[in-house]
Amino acid sequence: MKKLGDILMGNEPFEEILMGNEAIVRAMVETGTKVATSYPGSPTPEIAAAINSIPEEKRPFYFEFSVNEKVASEVAFGAAVNGNLSCVFFKSVGLNVALDTVVQFSLMNIIGGLVIVVGDDPGANSSQNEQDNRNVYHMARLTVFEPASPKEAYLYYT
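Cut-offs applied
- Residues numbered from 1 in each chain as written.
- Predicted model: local features only at pLDDT ≥ 70, side-chain atom pairs only at ≥ 80, totals over all residues.
- Heavy atoms only, no water.
- Helix = DSSP H or I, 4+ residues; strand = E, 2+ residues; numbered from the N terminus.
- Polar contact = N/O pair within 3.5 Å; in protein donor to acceptor, adjacent residues only side chain to side chain.
- Phe/Tyr/Trp six-rings, centres within 6.5 Å; stacked < 30°, edge-to-face > 60°.
- Pairing = 2+ DSSP bridges.
- Right-handed = clockwise from strand over helix to strand, strands pointing away.
- Patch = residues over 30% accessible without salt bridge, like charges linked within 9 Å, V, L, I, M, F, W, Y side chains within 5 Å.
- Areas by Shrake-Rupley, 256 points an atom, 1.4 Å probe, with all protein chains shown as cover.
- Salt bridge = Lys/Arg side-chain N within 4 Å of Asp/Glu carboxyl O.
- Buried < 20%, exposed > 50% of the residue type's maximum accessible area, 1.4 Å probe, protein only.
- Axes fitted to C-alpha atoms, helices over the stretch in contact; angles between N-to-C directions.
- Contact = heavy atoms within 4.5 Å.
- Arc of directions from axis to C-beta.
- Parallel < 35°, antiparallel > 145°, perpendicular 65-115°, else oblique.
- Left-handed = near helix turned anticlockwise from the far one by under 90°.

Focus: the environment of asparagine 68
Next, step 1: With respect to the helices and strands, the residue asparagine 68 is situated in the loop between strand 2 (62–65) and helix 4 (69–81).
Next, step 2: Distance in space between the C-alpha atoms of asparagine 68 and leucine 95 is 10 Å, their sequence separation being 27 residues.
Next, step 3: Within polar-contact distance, the side chain of asparagine 68 engages the backbone nitrogen of valine 71 at 2.8 Å.

Have a look at this one:
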């Protein structure tokens, strides 16, 4: 049986069934992402699990769980303003914690790239409330992609 870390780090094209969160990690590897940060919380822990399936010595980027979503956003932003592709991910209510940082991103000169992955939780299955963050992105003037499948999650990242 193939190991997830080996699949995600492979150099050759492959056909496997992946969840959207795992497909995002494959896209991180392919695009040359240098920094990935997060604050743990469902429904995004599979991203971290997929990252951690790659042995740290083979992982092509730095990954950390930050102390909260704001710090995670600022670490990813720091990498992006220094010319690196970075990614931050957390659950929908985590955007509330990171909001004062995230609303500034569209005003900054980001010479690298920054992808924010927010795991919305329709029905509040694993969060304290259900919230629709699309209006927040509009207010912050951030481009939003809302994938409908794992393939779209992969394609939007790449």
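From this point, the narrative continues.
Concerning the packing of aromatic side chains
Next, step 1: Counted under the stated rule, the structure contains 4 aromatic pairs.
Next, step 2: A centroid spacing of 5.2 Å and a plane angle of 35 degrees characterise the contact between phenylalanine 145 and tyrosine 156, whose relative ring orientation is tilted. Separated by 11 residues along the polypeptide, phenylalanine 145 in the loop between helix 6 (134–140) and helix 7 (150–157) and tyrosine 156 in helix 7 bring together distant segments of the chain.
Next, step 3: Feature note: the residues Phe63, Phe65 and Phe89 constitute an aromatic cluster, connected by ring pairs.

Some words on the pairing of strand 2
Next, step 1: Note that strand 1 (residues 35–38) and strand 2 share 4 bridges and pair parallel. Its bridge partner being in strand 2, serine 38 is matched across the sheet by phenylalanine 65.
Next, step 2: Tracing the backbone out of strand 1, into helix 3 (residues 45–52) and back to the parallel element strand 2 gives a crossover that is right-handed.

Some words on a nonpolar patch on the surface
Next, step 1: Taken together, the side chains of Phe145, Leu155 and Tyr156 make up a nonpolar region of the molecular surface, amounting to roughly 320 Å² of accessible area.
Next, step 2: In this structure phenylalanine 145 comes out as exposed when scored by relative accessible area, which is 54%.

Concerning the sheet that holds strand 2
Next, step 1: Across the sheet, 4 strands lie side by side as 2-1-3-4; this open sheet has parallel pairing. Strands with a single pairing partner mark the edges of an open sheet, and in this sheet they are strand 2 and strand 4 (113–119). Taking each pair of neighbouring strands and ignoring which way they run, the sheet shows an average axis angle of 15 degrees.
Next, step 2: Set on the sheet, helix 3 makes contact with strand 1, strand 2, strand 3 (85–91) and strand 4; between it and strand 2 the angle comes to about 135 degrees.

A few points about helix 5 (residues 94–102)
Structurally, the α-helix is built with 3.6 residues per turn, so residues lying three or four positions apart point the same way.
Next, step 1: Among the residues of helix 5, Gly94, Leu95, Ala98, Thr101 and Val102 are the ones counted as buried. Seen along its axis, helix 5 keeps its buried residues to an arc of 100 degrees; they face one direction.
Next, step 2: Those residues of helix 5 hidden inside the fold are in contact with helix 4, strand 3, strand 4 and helix 6.

Topic: the packing of helix 4 against helix 5
Next, step 1: Between helix 4 and helix 5, the least distance of the axes is 7 Å, while the angle of their chain directions is 45 degrees. Judged by the angle between their axes, helix 4 and helix 5 are oblique. Considering the relative orientation of helix 4 and helix 5, their crossing is right-handed. Contacts from Glu69, Lys70, Ser73 and Glu74 of helix 4 reach helix 5 at Gly94, Val97, Ala98, Asp100, Thr101 and Val102.

Concerning the side chain of threonine 37
Next, step 1: You can see threonine 37 is positioned in strand 1.
Next, step 2: A distance of 2.7 Å separates a polar atom in the side chain of threonine 37 from the backbone oxygen of alanine 72.

Things to note about unusual backbone geometry
Next, step 1: Of note, the phi angle at arginine 141 is positive, near 60 degrees, even though the residue is not glycine.
Next, step 2: Residue position: arginine 141 is located in the loop between helix 6 and helix 7.
Next, step 3: Residue classification places arginine 141 among the exposed residues on the basis of a relative accessible area of 71%.

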